[in-house]
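Analysis of the macromolecular model
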Amino acid sequence: MIEIKDLHKSYSIGSNSLHVLKGINFSVAEGELVSIMGSSGSGKSTLLNILGMLDEADSGSYTLDGLPIKNLNEKIAARYRNKFLGFIFQSFNLISYKSALDNVALPLYYQGVNRKERIDIAMSYLEKVGLTKWASHLPNELSGGQKQRVAIARALASNPKVLLADEPTGALDTKTSYEVMDLIQGINDEGRTILVVTHEHDIAQMTKRIVNLKDGLIIDDTPVNQIRALSNV
Ligand code: ADP
Ligand code: MG
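Residues numbered from 1 in each chain as written. Chains lettered and ligands numbered in written order. Predicted model: local features only at pLDDT ≥ 70, side-chain atom pairs only at ≥ 80, totals over all residues. Heavy atoms only, no water.

Going by the annotation in an unreviewed UniProt entry, the name recorded for the protein is ABC transporter ATP-binding protein, with Gillisia lutea given as the source organism. Under Sequence similarities (unreviewed entry), UniProt gives the following word-for-word description of the protein: "Belongs to the ABC transporter superfamily." (UniProt positions renumbered as here; feature names shortened; annotations may be inferred.)

**Side note on the environment of His8**
Within the secondary structure, His8 sits in strand 1 (residues 2-13). When neighbours within four sequence positions are excluded, His8 is seen to be in contact with His19, Leu21, Lys22, Gly23, Ala57, Asp58 and Ser59. (Helix = DSSP H or I, 4+ residues; strand = E, 2+ residues; numbered from the N terminus. Contact = heavy atoms within 4.5 Å.)

**Points about the layout of surface pockets**
In this model, the largest pocket occupies a volume close to 460 Å³. If you go around the largest pocket, you meet 17 residues; those closest to its centre are Asn82, Leu85, Phe87, Pro107 and Arg154. Within the residue set of the lining of the largest pocket, elements represented by two or more residues are helix 2 (74-84), strand 6 (85-89), helix 3 (100-110) and helix 5 (144-157). When grouped by side-chain class, the residues that make up the lining of the largest pocket number ten nonpolar, five polar and two charged. (1 Å grid on protein atoms, 1.4 Å probe; cavity = no way out; pocket = protein on both sides within 12 Å on 5 of 7 lines; lining within 4 Å. Points joined across faces, edges and corners; volume = space filled by probe spheres on them. Nonpolar A, V, L, I, M, F, W, Y, C, P; charged D, E, K, R; others polar.)

**What about the sheet that holds strand 9 (residues 209-214)?**
With respect to topology, six strands assemble into an open sheet ordered 6-7-8-3-9-10, the strand pairing being mixed. Two strands close off the open sheet at either side, each with one partner strand: strand 6 and strand 10 (217-223). For this sheet, the mean angle separating the axes of adjacent strands, direction not counted, is 15 degrees. Strand direction decides the pairing type here: strand 6 and strand 7 (residues 162-166), joined by five bridges, are parallel. Bridging across to strand 7, Phe89 finds its partner in Asp166. Set on the sheet, helix 2 makes contact with strand 6 and strand 7; between it and strand 6 the angle comes to about 75 degrees. Its contacts with the sheet put helix 5 on strand 6 and strand 7, and the angle it makes with strand 6 is roughly 170 degrees. (Pairing = 2+ DSSP bridges. Axes fitted to C-alpha atoms, helices over the stretch in contact; angles between N-to-C directions.)

**Observations regarding the pairing of strand 8 (residues 193-197)**
Within strand 8, five of the five residues are buried, which leaves the element mostly enclosed by the surrounding structure. The two faces of strand 8 match: Thr193, Leu195 and Val197 on one face and Ile194 and Val196 on the other face are all buried. The sheet contact formed by strand 3 (residues 33-37) and strand 8 spans four bridges and is parallel. Of the residues in strand 8, the one forming a bridge with Val34 is Leu195. Looking at chain direction, strand 7 and strand 8 are connected through five bridges and run parallel. By the bridge assignment for strand 8, Leu164 is matched with Leu195. (Buried < 20%, exposed > 50% of the residue type's maximum accessible area, 1.4 Å probe, protein only.)

**Examining the pairing of strand 7**
Strand 7 sits mainly inside the fold: five of its five residues count as buried. Here strand 7 shows a buried face lined by Val162, Leu164 and Asp166 and a second buried face lined by Leu163 and Ala165.

Below, the structure is given as structure tokens:
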């Protein structure tokens, strides 16, 4: 599903250059649930943003579902992003003046789905995350866990091949974090490929494989005996 080879990325800050990714190689097969770990500043978000086509590497190759991701114009990049990728962020990134339902329906608007169908599909995903009753509520009327559920429903609405989550539980308490991970595990059980950036070991143990980043390189890549998120509650 994902294949990257010798990926490099630097940021220039004034006249200095910060080499963040120093030759990353890895691949992710369909159906995997992978966590990317590493201390703050190790390049986790940079890597996820490149995988999510929100940013571009300086060199190396990236193939997504067999398609080489390189030098795409913004229109094609946007189409690929919409078709292949769903994003979940630590800070939810919901639109504050839109209801839960309209937030979930938004990606479908960009796909040209008509309003009636958008609402039906969005409602079905809100149901999947257990928020049917909250459809008409604004984000500020929802708890953190509920907001992240809306964000997950939104990420799923366009039926992407891969979900990319950057610290999805970073702003949530432990109990709520585990509930969100339970949802993520359930979505992966259905066969969806998911990458989760986290710096929390307990969260990483709920995935099936841990990739450790340090100083711009992968220093460890190990399968996990997955712990179910709600096994101790
Ligand atoms: P992580 O997500 O692992 O905490 P990041 O990928 O966000 O790490 O950042 C890696 C390094 O790159 C950090 O030192 C960060 O300050 C720097 N960095 C990230 N984004 C930018 C940017 N747009 N411009 C300059 N430096 C950046
Ligand atoms: Mg980060």
